[in-house]
Amino acid sequence: MTAEATTEARQLPYILAITEGVRQSLQEYDTSFLAGEDVGLAGSVFRIYKGLYAEFGPERVIDSPISEAGLIGLGVGAGATGLRPMIDIMFSDFIGECMDEIANQLAKTRYMFGGKTTLPVTVLTMGGGGINLAAQHSQSLEAWLCHIPGLKVMMPATPHDVKGAIIAANRDENPVFVIMNKASLGITGEVPEEPYAVNIGEAIVRREGSNFTIVAIGRMMHEAMTAAEILEKDGIDVEVIDPLTLQPLDTETILTSVRKTHRALVVHEAVRFGGIGAEIAAQIQENAFDDLDAPVGRIGAPFSPVPFSPPLEQAYLPNAQKIADGVKDLIGLD
Amino acid sequence: MELTKDILLDLHRRMVRIRHFEDEAGKLSESGQMPGALHLYVGEEAVAAGVMVHLSDEDQITSTHRGHGHLVAKGGDFKQMYAELYGRSTGYNKGKGGSMHIANVDAGMLGANGIVAAGPPIAVGAGFSNKYRGTKNVAVPFFGDGATNEGSFHEAANMAAVWKLPVVFVCENNGYGEFTPQAEHQAIKDITDRAAGYGMPGIQADGMDAIAVWEAAGEAIERARNGEGPTLLECKTYRYYDHVGRSGIGLEYRSDEELDEYRKEDPIPKIEKHLIDNNVLTADEIQAVHDGILAEIAEAIKFAENSPLPDPSTVTEDVYYTG
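Residues numbered from 1 in each chain as written. Chains lettered and ligands numbered in written order. Predicted model: local features only at pLDDT ≥ 70, side-chain atom pairs only at ≥ 80, totals over all residues. Heavy atoms only, no water.

Peer 1: Would you mind going over the interface of chain B and chain A with me for this structure?
Peer 2: The parts lose accessible area when they come together, and the size of an interface is often stated as this lost area. Each partner contributes to the interface: chain B provides 36 residues, whereas chain A provides 44 residues. Carbon and sulfur atoms supply 65% of the area buried between chain B and chain A, which totals about 3200 Å² over both sides. Of all residues in chain B, Tyr132, Tyr320 and Tyr321 of chain B bury the most surface against chain A, accounting for 22% of the area lost on that side. Here chain B is connected to chain A by zero salt bridges. (Contact = heavy atoms within 4.5 Å. Buried area = accessible area lost by both parts, 1.4 Å probe. Salt bridge = Lys/Arg side-chain N within 4 Å of Asp/Glu carboxyl O.)

Next up, the structure:
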């Protein structure tokens, strides 16, 4: 992502970038297939796979029973026997239905077998709040997944990155979760037409700055960019880092930034307690303690389920203003 | 499907291999020479042997916490198996899996599994893969009566049936979920009652009789290979040792009389009588089979004990494929 994007560069909404990433993945490998609940005829409840059923047929774009445990098991068994499954778990909240298959089978099989198998399985799932879907369809549960050795976890924020993450995940020989964001489906950005992969485990500096680092996860990247504009008016020059991949985490890019700015705030939509921000803050303090001029801050959701009613949900979710306020607090302004 | 001499000898040999492998492992575990916990398959040999005779290395199985028997029957090498149970780097899983995760993917053995009913969904994935790749191979998940109470079994059975996958679900109904008798953990006696609910045939075989299992499994596996979909095959069987180890945790939950009844049905003497009655082997020849296998086991144990322990620096290797 560069500011020099030409006017001819193709713009695509996040939703269509997902479709294109899956389409090109299915084109790239005959061994790849997409399976999930209503991914075929309906193109998913989010319409993110619209057209793929007609294009690739029911053998490769497969409507499954409502069976999340069965779906992840399908991925493990097919992945261990020569295929490159792409499994859709409609809402990331539903991983509770298949957590054994994720944590004890998908993640661990390679290790338990002494490295004698690979599981090139991509799990596509939709996370995040912001559209009034209440407590069981709005969560950000990435920390659950990041805690399990054997999984890779990506949270692409832009159309460019969601397409590149899907293709990268499908090319990878390991299980990779791509947690897409339902409130970002309409966001438009530059998306090259040809197939490309983003680098798994490589963070992106979204905005360079000299006196404060915000590490912003998933959709919070966009809020952090807005916060940076607000803070610029107060003379605070913010650097925004989008980790893109949470497991493995690109600690080095984060540390390089903090060593320059001496202050950091980590932002995510997930509940703050035990969130991935705690891990990032700990790593910064372990590795760059002498470079810090202030404690590493964290902004996340309060310790509550995601509420339904719009004013409650808005109060619950972090946003640009809350981030800007958090930065000012850490600096000691206001 | 004809029960030839070769098949009889094969059934017998696979069962004897399991029996002696397990007996020796149980002793080594009890004496403290082997780390961890073992769930022994002794008593249930007819099921693994009767099914596995029909399978090639390209057919897959998933196993259970009681998984050694399945791997032995699928052609598992004693040296690599004992080495794995001993936690040695020469084991099938380089010492990273142990008894409960022992696997040999190259021969289609997709792992013992420490989670009850985790195998069926994985076998459905392998069955899907067989169909997707246009092969005639089948996938066979083994599981117990207790596993049929898990949701993952239900999801797997339904998916295999609705997609007509080449999967044969083999239930080893040994009458107990750990220490809980079947009558106290489910309201049915026959697991096959559940088959109708998935729209698949349910058939039963005497799990203490390798020939009976061989016949029933052959029918189900042929259906699967012909694209006619999955079958639920229930084999009523019994484990002679306890849930874990040979003597378990000292709990009295089943009677000596019950055990004695099943001892009378021991599948190995049963097939040996058949071999002698039908002039396939003499008693001396049968003894020679046992002796040969015991010698192979002694050598394998020596190999395992002399094998190096894994280097502690390899603890985080194999978490991810890195190229």
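Peer 1: I'm lost on a negative patch on the surface in this one. Help?
Peer 2: Residues and elements named next belong to chain B. Negative charge collects at one region of the surface, where Glu252, Asp256, Glu257 and Asp260 lie side by side. Within the secondary structure layout, Asp260 lies in helix α10 (residues 256–263). On the basis of relative accessible area, Asp260 is assigned to the partly exposed category, the value being 44%. (Patch = residues over 30% accessible without salt bridge, like charges linked within 9 Å, V, L, I, M, F, W, Y side chains within 5 Å. Areas by Shrake-Rupley, 256 points an atom, 1.4 Å probe, with all protein chains shown as cover. Lys, Arg positive; Asp, Glu negative; His and termini not counted. Charge placed at Lys NZ, Arg CZ, Asp CG, Glu CD. Helix = DSSP H or I, 4+ residues; strand = E, 2+ residues; numbered from the N terminus. Buried < 20%, exposed > 50% of the residue type's maximum accessible area, 1.4 Å probe, protein only.)

Peer 1: Honestly, the packing of helix α3 (residues 68–79) of chain A against helix α4 (residues 99–106) of chain A in this entry has me stumped. Any pointers?
Peer 2: Two quantities define a packed helix pair, namely the angle between the axes and the distance from one axis to the other. Residues and elements named next belong to chain A. With their axes 8 Å apart at the nearest point, α3 and α4 run at an angle of 25° to one another. When the axes of α3 and α4 are compared, the pair comes out roughly parallel. In this structure, α3 uses Ala69, Ile72, Gly73 and Val76 to contact α4, whose residues at the interface are Glu101, Ile102, Gln105 and Leu106. When grouped by side-chain class, the residues that make up the contact of α3 with α4 number five nonpolar, two polar and one charged. (Axes fitted to C-alpha atoms, helices over the stretch in contact; angles between N-to-C directions. Parallel < 35°, antiparallel > 145°, perpendicular 65-115°, else oblique. Nonpolar A, V, L, I, M, F, W, Y, C, P; charged D, E, K, R; others polar.)

Peer 1: Sorry if this is basic, but what is going on with the nonpolar core here?
Peer 2: Nonpolar side chains tend toward joint burial in soluble globular proteins. Residues Tyr49 and Met180 of chain A together with Phe169 of chain B are the most contacted members of the largest nonpolar core, which totals 113 residues. Counting contributing residues, this core receives three or more from each of domain 1 (3–190) and domain 2 (204–331) of chain A. The next biggest cluster of nonpolar side chains, apart from the first, holds 74 residues, and it includes Val47, Val53, Val140 and Phe179 of chain B. (Core = buried A, V, L, I, M, F, W, Y, C linked by side-chain atoms within 4.5 Å. Domains from an automatic or database assignment.)

Peer 1: What exactly am I supposed to notice about the pattern of salt bridges here?
Peer 2: Pairs may arise between side chains of opposite charge once their charged atoms sit close together. Inspection of the entire model under this criterion finds 32 salt bridges over all chains. For Glu28 of chain A, the salt bridge goes to Arg171 of chain A, with nearest N and O atoms at 2.6 Å. Here Arg171 of chain A lies in helix α7 (residues 159–171) and Glu28 of chain A lies in helix α1 (residues 14–28), a separation of 143 residues in the sequence. Classification of Arg171 of chain A as partly exposed rests on a relative accessible area of 33%. Lys264 of chain B is paired through a salt bridge with Glu261 of chain B; the nearest N and O atoms lie 3.0 Å apart. A relative accessible area of 62% means that Lys264 of chain B is categorised as exposed. Residue classification places Glu261 of chain B among the partly exposed residues on the basis of a relative accessible area of 47%. Through salt bridges with shared partners, a single network forms among Arg10, Glu20 and Lys163 of chain A.

Peer 1: Teacher, can you tell me more about the sheet that holds strand β6 (residues 202–206) of chain B here?
Peer 2: Through backbone hydrogen bonds, the strands of a sheet pair up, either in parallel or in antiparallel fashion. All names here are of chain B. Spatial ordering of the open sheet is given by β1-β2-β3-β7-β6, a layout of five strands whose pairing is parallel. Across the chains shown, the open sheet's two edge strands, defined by having one partner strand only, are β1 (60–62) and β6. This sheet shows a mean twist of 20° between the axes of neighbouring strands, independent of strand direction. Sheet topology places β6 next to strand β7 (residues 231–236); five bridges connect them, and they run parallel. (Pairing = 2+ DSSP bridges.)

Peer 1: Before we go on, may I ask you to explain the environment of Gly323 of chain B in this structure?
Peer 2: Position of Gly323 of chain B among the secondary structure elements: in the segment after α12 (283–306). The exposure class assigned to Gly323 of chain B is exposed, which follows from its relative accessible area of 82%.

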